[in-house]
Amino acid sequence: MMTREQNELLTRIRQGTPAGQLLRRYWQPIALVEELAGPRPLKAMRVLGQDLVLFRDAAGRLGLLDRDCPHRGADLAFGRLEDGGLRCLFHGWLFDTEGKCLDTPAEPVESRICSRVRQRAYPVQERGGIVFAFLGEGAPPAFAALDCFIAPGSHVFAFKGYLDCNWLQALEVGVDPAHASFLHRFFEDADAAGSYGRQFRATSADSEMPMTRVLREFARPNISVRPSDYGLQIFALREVGGGSVHVRVTNLLFPQAFVIPLSAQMTITQWHVPIDDHSCYWYALFTSFTQPVDKQEMRRQRLELYELPDYVPRKNKTNDYGFDPHEQEHATFTGMGADINVHDQWACESMGAIQDRTSEHLGQSDKAITAYRRLLRTAIDQAGNGGRPLMVLDPQSAPKVTGPAAIDGIGPTDDWTGYWQRTDESKRKAASWANGR
């Protein structure tokens, strides 16, 4: 069990908090690129408890500024995109994407106040259809050579979703291999041919066994966790008989993402980004190792659940997540439909705004959770003492952090390690963009 003080340490992320200081050492996903489509490419947002405004100027440059105008604190999210920047409605002060004040039209012509004023601006970059921002001090770290970043745009699909809870419990659900046998249990197996874009609905690699059957019939995985240069590598083994074992390799990408297989051909890299202490967004990059992603279909599937413009789930606390007792008895373990995002959402949000970890009782199936918490506490200490935490990469080390492997397949029990490594190597060699990485 954790103490209340330990729980506060790991969950609170506002400016000045230890965990907040740590997360500000990394690039954070803050928006989908498509959210800036349309005639007014501007979006107000809250990230890590900070109120910000993201915009694209007439030249196509991205800017991220603090939302309160430095003149008298008016809201820049209502500003006008004109004259090379963002102009405040209150007195017309104009700021460019770097926060430089370009114009103070209500001041006398000879006034020099414009040269002395600067709005706080933050570095931003587009990667894989997501806008990333660096909210910390000093120079931002380099991006690792992850699959989702080096794959061409045609092979990557980006999406997001809102969760009404603290970021840490959302991430911990994602790195828990055991829960899938219960929370995501389906009593019947669907046609794998129609499973495109849906997790746990396809067959496992090198078999004809649907993943739904694996999870349903083999509910006690043997879990092991290994440290890696990017965080943690997590193995879940389920003996399926006949000298074969189901091997699932997933990853904790430090500080707040996971990398898991969607299918034998596609992986998901998913970040959990705090809006504030009590809510977060997940941002996901789906990366294909074979054909280009059918983005229209992937988007259509997900918009059945999420409402624009804020990507809020249609099933939520207000409607009991669509719970149907008849379905729970006959079709799914949860009774909450076939979309596993709803299942995970219920699990995350039902713990409360911030999970009270002082009353939990962890078991052996929680190895990845305990390993991650130790890693997180260590990194918080390093950041607080001026050190360089894990995955704060320089340009020399960043290209060496690749992959990571995310495998869902059935291989020989006596050589499961060799099996997943060969499967990953084969997948990469078959993908023209991976170049054997």
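This text gives an overview of the structure that appears in the document.

Quick notes on the rules
Residues numbered from 1 in each chain as written. Predicted model: local features only at pLDDT ≥ 70, side-chain atom pairs only at ≥ 80, totals over all residues. Heavy atoms only, no water. Helix = DSSP H or I, 4+ residues; strand = E, 2+ residues; numbered from the N terminus. Buried < 20%, exposed > 50% of the residue type's maximum accessible area, 1.4 Å probe, protein only. Contact = heavy atoms within 4.5 Å. Areas by Shrake-Rupley, 256 points an atom, 1.4 Å probe, with all protein chains shown as cover. Lys, Arg positive; Asp, Glu negative; His and termini not counted. Charge placed at Lys NZ, Arg CZ, Asp CG, Glu CD. Pairing = 2+ DSSP bridges. Axes fitted to C-alpha atoms, helices over the stretch in contact; angles between N-to-C directions. Core = buried A, V, L, I, M, F, W, Y, C linked by side-chain atoms within 4.5 Å. 1 Å grid on protein atoms, 1.4 Å probe; cavity = no way out; pocket = protein on both sides within 12 Å on 5 of 7 lines; lining within 4 Å. Points joined across faces, edges and corners; volume = space filled by probe spheres on them. Nonpolar A, V, L, I, M, F, W, Y, C, P; charged D, E, K, R; others polar. Phe/Tyr/Trp six-rings, centres within 6.5 Å; stacked < 30°, edge-to-face > 60°. Polar contact = N/O pair within 3.5 Å; in protein donor to acceptor, adjacent residues only side chain to side chain. Salt bridge = Lys/Arg side-chain N within 4 Å of Asp/Glu carboxyl O. Parallel < 35°, antiparallel > 145°, perpendicular 65-115°, else oblique. Left-handed = near helix turned anticlockwise from the far one by under 90°. Arc of directions from axis to C-beta.

Structural notes on the overall build of the chain
Argument step 1. Secondary structure summary: the chain contains 12 helices and 22 strands in total.
Argument step 2. Seen through its C-alpha atoms, the chain measures out along the principal axes to roughly 85 × 50 × 45 Å.
Argument step 3. When the 437 residues of the chain are sorted by exposure, 55% land in the buried category.
Argument step 4. Of the contacts formed within the chain by residues at least 6 apart in sequence, a portion of 62% connects residues at least 24 apart.
Argument step 5. Of the roughly 18,800 Å² that the chain leaves accessible, carbon and sulfur atoms contribute 49%.
Argument step 6. Side-chain charges in the chain split into 49 positive and 54 negative, and the spacing between the mean points of these groups amounts to 4 Å.

Things to note about the sheet that holds strand β10 (residues 130-134)
Argument step 1. As summarised here, the arrangement of the 3 strands in space is β1-β10-β9, forming an open sheet in which the pairing is antiparallel. Two strands lie at the open edges of the sheet, namely β1 (27-32) and β9 (124-127), each paired on one side alone. Pairwise comparison of adjacent strand axes, ignoring direction, gives a mean angle of 35° for this sheet.
Argument step 2. By the bridge criterion, 5 bridges tie β1 to β10 in an arrangement that is antiparallel. By the bridge assignment, Pro 29 is partnered in β10 with Phe 132.

Describing the nonpolar core
Argument step 1. Formed by 99 residues in total, the largest nonpolar core has its most connected members in Leu 54 and Leu 64.
Argument step 2. The element that contributes the greatest number of residues to this core is helix α11 (residues 367-384), accounting for 8 residues.
Argument step 3. Leu 54 has contacts with Ile 30, Ala 31, Leu 36, Pro 41, Leu 42, Lys 43, Met 45, Leu 62, Gly 63, Leu 64, Val 124 and Val 131, leaving out every residue within four places of it along the chain.

What to know about the layout of surface pockets
Argument step 1. In this model, the largest pocket occupies a volume close to 830 Å³.
Argument step 2. Taken together, 45 residues make up the lining of the largest pocket; nearest its centre are Gln 199, Asp 339, Ile 340, Asn 341 and Asp 344.
Argument step 3. When residues in the lining of the largest pocket are grouped by element, the largest group, 6 residues, is from helix α10 (residues 340-350).
Argument step 4. Of the residues belonging to the lining of the largest pocket, the class tally is 24 nonpolar, 11 polar and 10 charged.

Observations regarding the packing of aromatic side chains
Argument step 1. Applying the stated criterion across every chain yields a total of 21 aromatic pairs.
Argument step 2. When the centroid spacing of 6.2 Å and the interplanar angle of 75° are considered together, the rings of Tyr 26 and Phe 254 count as edge-to-face. Of this pair, Tyr 26 sits in the loop between α2 (18-23) and β1 while Phe 254 sits in the loop between β15 (244-253) and β16 (257-261); the two residues are 228 residues apart in sequence, bridging distant segments of the chain. Of the two residues, Tyr 26 and Phe 254, both sit in the buried class.

Quick look at α10
Argument step 1. Among the 11 residues that make up α10, 8 are buried, leaving the element largely enclosed by the rest of the structure.
Argument step 2. Of the positions making up α10, those classed as buried are Ile 340, Val 342, His 343, Asp 344, Gln 345, Ala 347, Cys 348 and Glu 349.
Argument step 3. Contact partners of the buried residues in α10: β12 (156-163), α5 (167-174), α6 (180-183) and β20 (312-313).
Argument step 4. Structurally, the start of α10 carries an N-cap: the backbone nitrogen of Asn 341 is 2.8 Å from a side-chain oxygen of Asp 339.

Some words on the side chain of Asp 66
Argument step 1. By secondary structure assignment, the location of Asp 66 is in strand β4 (residues 62-66).
Argument step 2. When residues no more than four places from it in sequence are discounted, the contact partners of Asp 66 are Gln 50, Asp 51, Leu 52, Val 53, Leu 76, Gln 119, Arg 120 and Tyr 122.

A short note on the sheet that holds strand β5 (residues 80-82)
Argument step 1. Sheet architecture is open: 4 strands sit in the order β5-β6-β7-β8, paired in antiparallel fashion. Of all strands in the sheet, those with a lone pairing partner are β5 and β8 (101-103), marking the two edges.
Argument step 2. Looking at chain direction, strand β6 (residues 85-87) and strand β7 (residues 94-95) are connected through 2 bridges and run antiparallel. Its bridge partner lying in β7, Leu 86 is registered against Phe 95.

Some remarks on the pattern of salt bridges
Argument step 1. Counted by the stated rule, this structure contains 28 salt bridges.
Argument step 2. Note that Asp 424 is salt-bridged to Arg 428, the shortest N-O span being 3.0 Å. Linking Asp 424 with Arg 428, this pair stays in helix α12 (residues 416-430), spanning 4 residues, or about one helical turn.
Argument step 3. Taking the relative accessible area as the measure of exposure, Asp 424 reaches 12% and is therefore buried.
Argument step 4. Three or more residues are tied together by salt bridges with common partners; here these are Arg 80, Glu 82, Asp 83, Arg 87 and Asp 103.

Re empty space enclosed by the protein
Argument step 1. Within this structure, the stated rule accounts for 2 cavities of 30 Å³ or more.
Argument step 2. Taken together, 17 residues make up the lining of the largest cavity; nearest its centre are Tyr 26, Trp 27, Phe 254, Trp 271 and Met 391.
Argument step 3. Its residues placed into classes, the lining of the largest cavity shows 16 nonpolar, 1 polar and no charged.
Argument step 4. In this structure, the second largest cavity occupies an estimated 40 Å³ of space.
Argument step 5. Taken together, the residues of the lining of the second largest cavity break down into 5 nonpolar, 2 polar and 3 charged.

Overview of the packing of α5 against α10
Argument step 1. Axis separation between α5 and α10 bottoms out at 9 Å; the angle between their running directions is 135°. With respect to α10, the axis of α5 lies oblique. Helix-helix and strand crossings are classified by hand; for α5 and α10 the assignment is right-handed. Residue-level inspection shows Gln 169, Ala 170 and Val 173 of α5 in contact with α10, the latter providing Asp 344, Ala 347 and Cys 348.
Argument step 2. The residue inventory of the contact of α5 with α10, partitioned by class, reads 4 nonpolar, 1 polar and 1 charged.

Let's talk about helix α8 (residues 295-303)
Argument step 1. Those residues of α8 lying buried are Met 298, Gln 301 and Arg 302. Mapping the buried residues of α8 onto a view down its axis gives an arc of 90°, with all of them on the same face.

A word on the environment of Asp 147
Argument step 1. Structurally, Asp 147 is set in helix α4 (residues 147-150).
Argument step 2. Along the sequence, Asp 147 and Ala 77 sit 70 residues apart, while their C-alpha atoms lie 34 Å from each other.
Argument step 3. Residues in contact with Asp 147, not counting those within four places in the same chain, are Thr 287, Phe 289, Gly 403, Pro 404, Arg 428 and Trp 433.

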